[in-house]
Amino acid sequence: MQHVLVTGGAGFIGSNFVRHLLGAREDVQVVTYDLLTYAGSLENLRDLPRPERHRFVKGDVCDRAAVDAVLADHAIDTIVHFAAESHVDRSIAAPGEFIRTNVTGTFTLLEAARAAWRGRDGVRFHHVSTDEVYGSLAPDDPPVVESAAYAPRSPYAASKAASDHLVRAYATTYGLEVTISNCSNNYGPYQFPEKLVPLMIVNGALGKPLPVYGDGKQVRDWLHVEDHCAAILAILERGRPGETYHVGGGNQPTNLEVVEAICQLLDVRYPDAPHAPHRSLVTHVTDRPGHDRRYDLDCTKLERELGWHRRHGLADGLAATVAWYAQSGAWLAAIRDSDDYRRWIALNYGAR
Ligand code: NAD
Ligand code: TYD
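Residues numbered from 1 in each chain as written. Chains lettered and ligands numbered in written order. Predicted model: local features only at pLDDT ≥ 70, side-chain atom pairs only at ≥ 80, totals over all residues. Heavy atoms only, no water.

K.L.:
What is the right way to look at the site of ligand 1 in this model?
P.N.:
Neighbouring ligand 1 are 30 residues; Ile-13, Asp-34, Ser-86, Tyr-156 and Lys-160 lie closest to it. Contact distances for ligand 1 include 2.9 Å between a nitrogen atom and a side-chain N or O atom of Asp-60. With respect to ligand 1, the backbone of Val-61 contributes an N or O atom lying 2.9 Å from a nitrogen atom. When ligand 1 sits alone it has 840 Å² of accessible area, and the protein chains cover 97% of it. A total of 3 residues in the shell around ligand 1 trace back to one element, the largest contributor, which is strand 5 (residues 124-130). Taken together, the residues of the shell around ligand 1 break down into 13 nonpolar, 12 polar and 5 charged. (Near = heavy atom within 4 Å. Polar contact = N/O pair within 3.5 Å; in protein donor to acceptor, adjacent residues only side chain to side chain. Areas by Shrake-Rupley, 256 points an atom, 1.4 Å probe, with all protein chains shown as cover. Helix = DSSP H or I, 4+ residues; strand = E, 2+ residues; numbered from the N terminus. Nonpolar A, V, L, I, M, F, W, Y, C, P; charged D, E, K, R; others polar.)

This is how it looks when you write it as C-alpha coordinates:
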(Lines give C-alpha, C1' and ligand atoms only; values in the text may rest on other atoms or scores of the structure.)
(Ligands and ions follow the chains in the order given, each with its own letter.)
Protein backbone atom coordinates (compact mmCIF):
# COMPACT_ATOMS: atom_id res chain seq x y z
CA MET A 1 0.00 0.00 0.00
CA GLN A 2 1.76 3.12 -1.27
CA HIS A 3 -0.67 5.08 -3.41
CA VAL A 4 -4.17 5.07 -1.93
CA LEU A 5 -7.31 6.38 -3.63
CA VAL A 6 -10.07 7.29 -1.17
CA THR A 7 -13.39 7.74 -2.97
CA GLY A 8 -15.88 9.87 -1.05
CA GLY A 9 -12.97 11.18 1.01
CA ALA A 10 -14.58 14.61 1.41
CA GLY A 11 -17.59 13.11 3.21
CA PHE A 12 -18.01 12.22 6.87
CA ILE A 13 -16.27 8.85 7.27
CA GLY A 14 -13.99 9.31 4.25
CA SER A 15 -12.50 12.55 5.57
CA ASN A 16 -11.96 11.00 8.99
CA PHE A 17 -10.26 8.07 7.26
CA VAL A 18 -7.98 10.31 5.18
CA ARG A 19 -6.95 12.10 8.39
CA HIS A 20 -6.44 8.79 10.21
CA LEU A 21 -4.39 7.23 7.41
CA LEU A 22 -2.10 10.24 6.93
CA GLY A 23 -1.55 10.40 10.69
CA ALA A 24 -0.88 6.67 11.05
CA ARG A 25 1.35 6.07 8.03
CA GLU A 26 4.17 8.26 6.81
CA ASP A 27 4.86 6.01 3.81
CA VAL A 28 1.64 6.47 1.80
CA GLN A 29 0.38 9.02 -0.72
CA VAL A 30 -3.35 9.63 -0.49
CA VAL A 31 -5.62 10.89 -3.25
CA THR A 32 -9.17 11.89 -2.32
CA TYR A 33 -11.57 11.45 -5.24
CA ASP A 34 -14.94 13.05 -4.58
CA LEU A 35 -17.73 14.71 -6.53
CA LEU A 36 -18.44 17.18 -3.69
CA THR A 37 -22.17 16.54 -3.59
CA TYR A 38 -24.23 18.17 -0.83
CA ALA A 39 -22.57 15.70 1.59
CA GLY A 40 -18.95 16.40 0.66
CA SER A 41 -16.84 19.45 1.42
CA LEU A 42 -13.19 20.48 1.26
CA GLU A 43 -13.81 22.01 4.70
CA ASN A 44 -13.79 18.41 5.98
CA LEU A 45 -10.20 18.04 4.78
CA ARG A 46 -8.66 21.05 6.48
CA ASP A 47 -5.68 20.65 8.80
CA LEU A 48 -4.67 17.20 7.59
CA PRO A 49 -1.47 15.70 8.98
CA ARG A 50 1.30 15.47 6.34
CA PRO A 51 -0.70 17.56 3.83
CA GLU A 52 2.11 17.26 1.28
CA ARG A 53 1.16 13.59 0.97
CA HIS A 54 -2.46 14.36 0.07
CA ARG A 55 -4.08 15.39 -3.23
CA PHE A 56 -7.70 16.16 -3.99
CA VAL A 57 -9.28 15.30 -7.35
CA LYS A 58 -12.85 16.31 -8.02
CA GLY A 59 -14.69 13.62 -9.93
CA ASP A 60 -17.63 11.26 -10.23
CA VAL A 61 -17.22 7.53 -9.52
CA CYS A 62 -19.59 6.93 -12.46
CA ASP A 63 -17.23 8.70 -14.89
CA ARG A 64 -15.07 5.89 -16.28
CA ALA A 65 -12.63 8.12 -18.16
CA ALA A 66 -12.02 10.25 -15.06
CA VAL A 67 -11.59 7.18 -12.85
CA ASP A 68 -9.15 5.62 -15.35
CA ALA A 69 -7.17 8.86 -15.37
CA VAL A 70 -6.91 9.18 -11.59
CA LEU A 71 -5.80 5.54 -11.24
CA ALA A 72 -3.11 6.00 -13.89
CA ASP A 73 -1.96 9.53 -12.95
CA HIS A 74 -1.34 8.58 -9.33
CA ALA A 75 -0.20 4.95 -9.84
CA ILE A 76 -2.96 3.84 -7.45
CA ASP A 77 -2.45 0.41 -5.85
CA THR A 78 -5.16 0.61 -3.18
CA ILE A 79 -8.75 1.84 -3.44
CA VAL A 80 -10.83 2.52 -0.34
CA HIS A 81 -14.36 3.04 -1.64
CA PHE A 82 -16.58 5.22 0.55
CA ALA A 83 -18.32 7.29 -2.13
CA ALA A 84 -22.05 6.76 -1.91
CA GLU A 85 -25.38 8.34 -1.32
CA SER A 86 -25.72 7.45 2.34
CA HIS A 87 -28.97 8.74 3.87
CA VAL A 88 -31.94 6.35 4.12
CA ASP A 89 -34.54 9.12 4.21
CA ARG A 90 -33.17 10.67 1.01
CA SER A 91 -33.26 7.22 -0.60
CA ILE A 92 -36.96 7.03 0.23
CA ALA A 93 -37.61 10.52 -1.18
CA ALA A 94 -35.50 10.07 -4.36
CA PRO A 95 -33.96 6.60 -4.93
CA GLY A 96 -32.54 7.17 -8.43
CA GLU A 97 -29.30 8.81 -7.34
CA PHE A 98 -28.67 5.86 -4.99
CA ILE A 99 -28.78 3.41 -7.87
CA ARG A 100 -26.53 5.62 -9.97
CA THR A 101 -23.83 6.35 -7.39
CA ASN A 102 -23.93 3.22 -5.24
CA VAL A 103 -24.50 0.58 -7.92
CA THR A 104 -23.26 2.08 -11.20
CA GLY A 105 -20.49 3.97 -9.41
CA THR A 106 -19.17 0.83 -7.71
CA PHE A 107 -19.43 -1.08 -10.98
CA THR A 108 -17.48 1.64 -12.81
CA LEU A 109 -14.77 1.64 -10.17
CA LEU A 110 -14.50 -2.16 -10.26
CA GLU A 111 -14.19 -2.16 -14.04
CA ALA A 112 -11.50 0.53 -13.90
CA ALA A 113 -9.57 -1.34 -11.19
CA ARG A 114 -9.82 -4.61 -13.13
CA ALA A 115 -8.39 -2.96 -16.24
CA ALA A 116 -5.69 -0.97 -14.43
CA TRP A 117 -4.49 -3.84 -12.22
CA ARG A 118 -4.58 -6.74 -14.71
CA GLY A 119 -1.70 -9.08 -13.80
CA ARG A 120 -0.51 -6.88 -10.93
CA ASP A 121 0.24 -8.04 -7.37
CA GLY A 122 0.04 -5.98 -4.21
CA VAL A 123 -3.24 -4.24 -5.03
CA ARG A 124 -6.44 -3.99 -3.02
CA PHE A 125 -10.02 -2.82 -3.52
CA HIS A 126 -11.62 -2.19 -0.13
CA HIS A 127 -15.37 -1.62 -0.18
CA VAL A 128 -17.14 0.11 2.70
CA SER A 129 -20.62 -1.23 3.34
CA THR A 130 -23.28 -1.21 6.02
CA ASP A 131 -25.14 -3.41 8.52
CA GLU A 132 -28.36 -2.34 6.78
CA VAL A 133 -27.86 -4.94 4.03
CA TYR A 134 -28.89 -7.63 6.53
CA GLY A 135 -32.30 -6.08 7.13
CA SER A 136 -34.17 -5.66 10.39
CA LEU A 137 -33.59 -7.85 13.49
CA ALA A 138 -36.14 -8.91 16.09
CA PRO A 139 -35.34 -8.01 19.73
CA ASP A 140 -33.95 -11.47 20.58
CA ASP A 141 -32.08 -12.21 17.35
CA PRO A 142 -28.34 -12.82 17.88
CA PRO A 143 -25.82 -10.38 16.37
CA VAL A 144 -25.34 -10.91 12.62
CA VAL A 145 -22.23 -12.78 11.42
CA GLU A 146 -20.43 -12.21 8.11
CA SER A 147 -21.96 -15.28 6.45
CA ALA A 148 -25.58 -14.16 7.04
CA ALA A 149 -27.92 -13.76 4.08
CA TYR A 150 -28.71 -10.29 2.78
CA ALA A 151 -32.24 -8.92 3.26
CA PRO A 152 -32.15 -5.17 2.51
CA ARG A 153 -35.39 -3.23 2.97
CA SER A 154 -34.76 0.41 1.98
CA PRO A 155 -33.61 1.70 -1.42
CA TYR A 156 -30.35 2.74 0.27
CA ALA A 157 -29.76 -0.71 1.78
CA ALA A 158 -30.70 -2.43 -1.49
CA SER A 159 -28.25 -0.28 -3.44
CA LYS A 160 -25.46 -1.05 -0.98
CA ALA A 161 -26.31 -4.76 -1.09
CA ALA A 162 -26.13 -4.67 -4.89
CA SER A 163 -22.73 -3.02 -4.74
CA ASP A 164 -21.45 -5.60 -2.22
CA HIS A 165 -22.58 -8.42 -4.53
CA LEU A 166 -20.73 -6.83 -7.44
CA VAL A 167 -17.54 -6.52 -5.39
CA ARG A 168 -17.75 -10.20 -4.40
CA ALA A 169 -18.48 -11.20 -8.00
CA TYR A 170 -15.35 -9.39 -9.19
CA ALA A 171 -13.27 -11.29 -6.63
CA THR A 172 -14.74 -14.64 -7.67
CA THR A 173 -14.87 -14.10 -11.42
CA TYR A 174 -11.85 -11.93 -12.14
CA GLY A 175 -9.67 -12.63 -9.09
CA LEU A 176 -9.75 -8.97 -8.04
CA GLU A 177 -8.16 -8.59 -4.58
CA VAL A 178 -11.03 -7.23 -2.53
CA THR A 179 -12.03 -6.83 1.10
CA ILE A 180 -15.40 -5.63 2.40
CA SER A 181 -16.33 -4.10 5.74
CA ASN A 182 -19.92 -3.79 6.96
CA CYS A 183 -20.18 -1.26 9.74
CA SER A 184 -22.92 -0.01 12.01
CA ASN A 185 -24.15 3.58 12.51
CA ASN A 186 -21.15 5.89 12.70
CA TYR A 187 -21.04 9.12 14.68
CA GLY A 188 -18.34 11.69 15.38
CA PRO A 189 -16.80 14.85 13.91
CA TYR A 190 -17.75 16.09 10.43
CA GLN A 191 -20.99 14.11 10.15
CA PHE A 192 -23.50 15.93 7.96
CA PRO A 193 -26.34 17.16 10.21
CA GLU A 194 -29.07 15.17 8.49
CA LYS A 195 -28.27 11.97 10.44
CA LEU A 196 -29.68 11.32 13.91
CA VAL A 197 -26.76 12.29 16.19
CA PRO A 198 -25.66 15.58 14.60
CA LEU A 199 -29.26 16.59 13.79
CA MET A 200 -30.21 16.24 17.46
CA ILE A 201 -27.10 18.12 18.63
CA VAL A 202 -27.65 20.96 16.18
CA ASN A 203 -31.41 21.27 16.69
CA GLY A 204 -31.06 20.97 20.46
CA ALA A 205 -28.43 23.71 20.66
CA LEU A 206 -30.75 26.00 18.66
CA GLY A 207 -33.86 25.15 20.69
CA LYS A 208 -35.57 23.50 17.71
CA PRO A 209 -37.76 20.37 17.95
CA LEU A 210 -35.96 17.00 18.16
CA PRO A 211 -37.92 14.86 15.68
CA VAL A 212 -38.06 11.22 16.84
CA TYR A 213 -39.56 8.89 14.24
CA GLY A 214 -42.42 6.70 15.50
CA ASP A 215 -42.04 5.39 19.05
CA GLY A 216 -38.26 5.96 19.10
CA LYS A 217 -37.65 2.41 20.32
CA GLN A 218 -35.69 1.37 17.22
CA VAL A 219 -32.28 -0.01 18.17
CA ARG A 220 -29.00 0.82 16.46
CA ASP A 221 -25.37 -0.08 17.19
CA TRP A 222 -23.32 3.14 17.40
CA LEU A 223 -19.69 3.13 16.25
CA HIS A 224 -17.33 6.05 16.80
CA VAL A 225 -15.89 7.01 13.43
CA GLU A 226 -12.29 6.82 14.70
CA ASP A 227 -12.80 3.19 15.72
CA HIS A 228 -14.19 2.54 12.25
CA CYS A 229 -11.17 4.18 10.57
CA ALA A 230 -8.76 2.11 12.68
CA ALA A 231 -10.65 -1.04 11.66
CA ILE A 232 -10.39 -0.22 7.94
CA LEU A 233 -6.66 0.40 8.24
CA ALA A 234 -6.26 -2.93 10.08
CA ILE A 235 -8.16 -4.67 7.26
CA LEU A 236 -5.98 -3.01 4.61
CA GLU A 237 -2.82 -4.00 6.47
CA ARG A 238 -3.71 -7.45 7.75
CA GLY A 239 -7.09 -8.49 6.33
CA ARG A 240 -7.34 -11.54 4.12
CA PRO A 241 -8.25 -10.82 0.49
CA GLY A 242 -11.77 -11.96 -0.36
CA GLU A 243 -12.98 -11.61 3.23
CA THR A 244 -15.71 -9.53 4.83
CA TYR A 245 -15.30 -8.01 8.31
CA HIS A 246 -17.93 -6.52 10.60
CA VAL A 247 -17.22 -3.32 12.50
CA GLY A 248 -19.56 -2.23 15.29
CA GLY A 249 -19.72 -0.20 18.47
CA GLY A 250 -20.83 -3.01 20.80
CA ASN A 251 -23.91 -1.20 22.12
CA GLN A 252 -27.69 -1.41 21.58
CA PRO A 253 -29.45 1.77 22.71
CA THR A 254 -32.86 2.82 21.47
CA ASN A 255 -33.05 6.05 19.51
CA LEU A 256 -34.81 7.66 22.48
CA GLU A 257 -31.90 6.68 24.73
CA VAL A 258 -29.40 8.24 22.31
CA VAL A 259 -31.48 11.44 22.12
CA GLU A 260 -31.82 11.53 25.92
CA ALA A 261 -28.02 11.18 26.31
CA ILE A 262 -27.48 14.07 23.88
CA CYS A 263 -30.06 16.18 25.74
CA GLN A 264 -28.24 15.62 29.04
CA LEU A 265 -24.94 16.68 27.47
CA LEU A 266 -26.62 19.81 26.07
CA ASP A 267 -28.10 20.56 29.52
CA VAL A 268 -24.58 20.55 30.99
CA ARG A 269 -23.15 22.67 28.17
CA TYR A 270 -26.04 25.17 27.95
CA PRO A 271 -27.64 25.11 31.44
CA ASP A 272 -29.19 28.57 31.00
CA ALA A 273 -30.75 27.91 27.60
CA PRO A 274 -34.39 29.05 27.60
CA HIS A 275 -35.41 25.63 26.25
CA ALA A 276 -33.55 23.61 28.95
CA PRO A 277 -34.03 20.84 29.88
CA HIS A 278 -33.42 19.88 26.28
CA ARG A 279 -35.54 16.75 26.51
CA SER A 280 -38.56 19.06 26.43
CA LEU A 281 -37.75 19.56 22.71
CA VAL A 282 -38.34 15.86 21.88
CA THR A 283 -41.21 15.59 19.38
CA HIS A 284 -42.55 12.28 18.11
CA VAL A 285 -43.19 12.54 14.37
CA THR A 286 -44.53 10.20 11.68
CA ASP A 287 -42.39 7.09 11.34
CA ARG A 288 -40.05 6.37 8.42
CA PRO A 289 -41.72 3.99 5.89
CA GLY A 290 -40.32 0.47 6.26
CA HIS A 291 -38.28 1.60 9.28
CA ASP A 292 -35.83 -1.15 10.30
CA ARG A 293 -36.35 -1.97 13.96
CA ARG A 294 -32.92 -3.15 14.98
CA TYR A 295 -29.35 -3.77 13.73
CA ASP A 296 -26.60 -5.64 15.57
CA LEU A 297 -23.26 -6.88 14.21
CA ASP A 298 -21.03 -9.65 15.54
CA CYS A 299 -17.47 -8.25 15.33
CA THR A 300 -15.64 -11.29 16.71
CA LYS A 301 -13.87 -12.00 13.41
CA LEU A 302 -12.28 -8.53 13.26
CA GLU A 303 -11.26 -8.74 16.91
CA ARG A 304 -9.83 -12.28 16.78
CA GLU A 305 -8.17 -12.18 13.35
CA LEU A 306 -6.90 -8.63 13.25
CA GLY A 307 -6.67 -7.70 16.93
CA TRP A 308 -8.97 -4.69 16.51
CA HIS A 309 -10.51 -3.25 19.67
CA ARG A 310 -12.71 -0.20 19.96
CA ARG A 311 -11.37 2.69 22.00
CA HIS A 312 -14.54 4.78 22.34
CA GLY A 313 -17.53 3.98 24.54
CA LEU A 314 -20.84 5.57 23.51
CA ALA A 315 -21.12 7.94 26.50
CA ASP A 316 -17.62 9.37 26.06
CA GLY A 317 -17.90 9.35 22.29
CA LEU A 318 -21.16 11.33 22.38
CA ALA A 319 -19.66 13.82 24.86
CA ALA A 320 -16.68 14.40 22.57
CA THR A 321 -19.01 14.73 19.58
CA VAL A 322 -21.23 17.31 21.29
CA ALA A 323 -18.07 19.25 22.19
CA TRP A 324 -16.83 19.09 18.58
CA TYR A 325 -20.11 20.46 17.17
CA ALA A 326 -20.13 23.23 19.80
CA GLN A 327 -16.70 24.31 18.56
CA SER A 328 -17.48 24.03 14.86
CA GLY A 329 -19.87 26.92 14.38
CA ALA A 330 -18.51 28.16 11.04
CA TRP A 331 -18.49 24.64 9.56
CA LEU A 332 -22.08 24.12 10.68
CA ALA A 333 -23.31 27.54 9.58
CA ALA A 334 -22.08 26.94 6.03
CA ILE A 335 -24.21 23.79 5.85
CA ARG A 336 -27.25 25.16 7.66
CA ASP A 337 -27.33 28.25 5.45
CA SER A 338 -27.15 26.24 2.22
CA ASP A 339 -30.22 26.03 -0.02
CA ASP A 340 -29.91 22.25 -0.24
CA TYR A 341 -29.99 21.81 3.53
CA ARG A 342 -32.98 24.11 3.95
CA ARG A 343 -34.80 22.26 1.15
CA TRP A 344 -34.05 18.89 2.73
CA ILE A 345 -35.24 19.91 6.19
CA ALA A 346 -38.46 21.32 4.71
CA LEU A 347 -39.03 18.24 2.55
CA ASN A 348 -38.34 15.63 5.25
CA TYR A 349 -39.83 17.33 8.31
CA GLY A 350 -42.22 19.96 6.93
CA ALA A 351 -45.30 17.75 6.73
CA ARG A 352 -44.27 15.04 9.18
P1 NAD B 1 -21.42 10.88 3.35
O2 NAD B 1 -22.78 11.01 2.72
O3 NAD B 1 -21.06 11.76 4.50
O4 NAD B 1 -20.30 11.13 2.24
C5 NAD B 1 -20.37 10.59 0.95
C6 NAD B 1 -19.26 11.22 0.12
O7 NAD B 1 -19.32 10.64 -1.20
C8 NAD B 1 -19.43 12.74 -0.05
O9 NAD B 1 -18.19 13.38 0.14
C10 NAD B 1 -19.91 12.88 -1.48
O11 NAD B 1 -19.53 14.11 -2.09
C12 NAD B 1 -19.25 11.69 -2.16
N13 NAD B 1 -19.95 11.25 -3.36
C14 NAD B 1 -21.29 11.05 -3.50
N15 NAD B 1 -21.57 10.68 -4.76
C16 NAD B 1 -20.39 10.63 -5.43
C17 NAD B 1 -20.02 10.31 -6.76
N18 NAD B 1 -20.95 9.97 -7.67
N19 NAD B 1 -18.72 10.34 -7.08
C20 NAD B 1 -17.77 10.68 -6.17
N21 NAD B 1 -18.07 11.02 -4.91
C22 NAD B 1 -19.36 10.99 -4.55
O23 NAD B 1 -21.29 9.35 3.70
P24 NAD B 1 -20.61 8.65 4.96
O25 NAD B 1 -21.56 8.67 6.08
O26 NAD B 1 -19.24 9.20 5.14
O27 NAD B 1 -20.53 7.15 4.44
C28 NAD B 1 -19.39 6.69 3.72
C29 NAD B 1 -19.61 5.25 3.34
O30 NAD B 1 -19.84 4.47 4.50
C31 NAD B 1 -20.81 5.00 2.42
O32 NAD B 1 -20.45 4.04 1.46
C33 NAD B 1 -21.88 4.49 3.35
O34 NAD B 1 -22.77 3.64 2.68
C35 NAD B 1 -21.04 3.73 4.36
N36 NAD B 1 -21.67 3.63 5.69
C37 NAD B 1 -21.95 4.75 6.41
C38 NAD B 1 -22.51 4.63 7.68
C39 NAD B 1 -22.81 5.83 8.54
O40 NAD B 1 -23.27 5.66 9.66
N41 NAD B 1 -22.55 7.05 8.10
C42 NAD B 1 -22.80 3.36 8.19
C43 NAD B 1 -22.52 2.24 7.41
C44 NAD B 1 -21.93 2.39 6.17
P1 TYD C 1 -29.96 7.75 10.67
O2 TYD C 1 -28.95 8.57 11.40
O3 TYD C 1 -30.65 8.34 9.49
O4 TYD C 1 -29.25 6.38 10.30
P5 TYD C 1 -29.89 5.00 9.73
O6 TYD C 1 -31.24 5.25 9.21
O7 TYD C 1 -28.91 4.67 8.65
O8 TYD C 1 -29.85 4.04 10.88
O9 TYD C 1 -31.09 7.31 11.71
C10 TYD C 1 -30.74 6.60 12.88
C11 TYD C 1 -32.02 6.23 13.57
O12 TYD C 1 -32.66 7.45 14.01
C13 TYD C 1 -33.03 5.55 12.66
O14 TYD C 1 -33.75 4.58 13.42
C15 TYD C 1 -33.97 6.67 12.26
C16 TYD C 1 -33.96 7.58 13.46
N17 TYD C 1 -34.15 9.04 13.17
C18 TYD C 1 -35.13 9.75 13.87
O19 TYD C 1 -35.84 9.22 14.74
N20 TYD C 1 -35.26 11.07 13.58
C21 TYD C 1 -34.52 11.71 12.63
O22 TYD C 1 -34.73 12.93 12.40
C23 TYD C 1 -33.52 10.96 11.94
C24 TYD C 1 -32.68 11.60 10.89
C25 TYD C 1 -33.37 9.61 12.25
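The structure having been displayed, the exposition proceeds.
K.L.:
For this particular structure, what's the right way to read the site of ligand 2?
P.N.:
Close to ligand 2 lie 18 residues; Glu-132, Pro-211, Arg-288, His-291 and Tyr-349 are nearest. For ligand 2, an oxygen atom lies 2.9 Å from a polar atom in the side chain of Asn-185. Alone, ligand 2 offers 510 Å² of accessible surface; in the complex the protein occludes 97% of this. Those elements that provide at least two residues to the shell around ligand 2 are helix 3 (88-93), helix 6 (196-206) and strand 8 (210-213). Among the elements that line the shell around ligand 2, the one with the most residues is strand 8, at 3 residues. Classifying every residue of the shell around ligand 2 by side-chain character gives 7 nonpolar, 5 polar and 6 charged.

K.L.:
Is there a simple way to explain the environment of Gly-204 in this structure?
P.N.:
Of note, Gly-204 is situated in helix 6. A relative accessible area of 0% places Gly-204 in the buried class. Put simply, Gly-204 and Asp-267 are 63 residues apart on the chain and 9.5 Å apart in space, counted from C-alpha to C-alpha. For Gly-204, the residues in contact, after removing those within four places along its chain, are Leu-210, Leu-266, His-275, His-278 and Leu-281. (Buried < 20%, exposed > 50% of the residue type's maximum accessible area, 1.4 Å probe, protein only. Contact = heavy atoms within 4.5 Å.)

K.L.:
Which parts of the structure should I look at to understand the side chain of Arg-288?
P.N.:
Looking at the element boundaries, Arg-288 is found in the loop between strand 11 (282-285) and helix 9 (300-306). On the basis of relative accessible area, Arg-288 is assigned to the buried category, the value being 14%. Setting aside residues no more than four positions away along its own chain, Arg-288 makes contact with His-87, Val-88, Asp-89, Ile-92, Tyr-213, Arg-220 and Arg-352.

K.L.:
I keep staring at unusual backbone geometry and nothing clicks. Help me out?
P.N.:
Most peptide bonds adopt trans geometry, and most residues besides glycine take a negative phi value. A cis amide bond links Ala-276 with the next residue in sequence, Pro-277, at an omega value of -5°. Topologically, Pro-277 is positioned in the loop between helix 8 (255-269) and strand 11. For Arg-50, which is not glycine, the phi torsion reads 45° and is therefore positive. As for its position among the elements, Arg-50 is in the loop between strand 2 (29-34) and strand 3 (54-58).

K.L.:
Would you take a moment to explain the pattern of salt bridges for this structure?
P.N.:
Applying the stated criterion to the full structure yields 20 salt bridges. Residue Arg-100 pairs with Glu-97 through a salt bridge whose shortest N-O separation is 3.0 Å. Of the two residues, Arg-100 and Glu-97 both sit in helix 4 (residues 96-116), 3 residues apart, roughly one turn of that helix. Given a relative accessible area of 35%, Glu-97 falls into the partly exposed group. With a shortest N-O distance of 2.6 Å, Lys-301 and Glu-243 are connected by a salt bridge. (Salt bridge = Lys/Arg side-chain N within 4 Å of Asp/Glu carboxyl O.)

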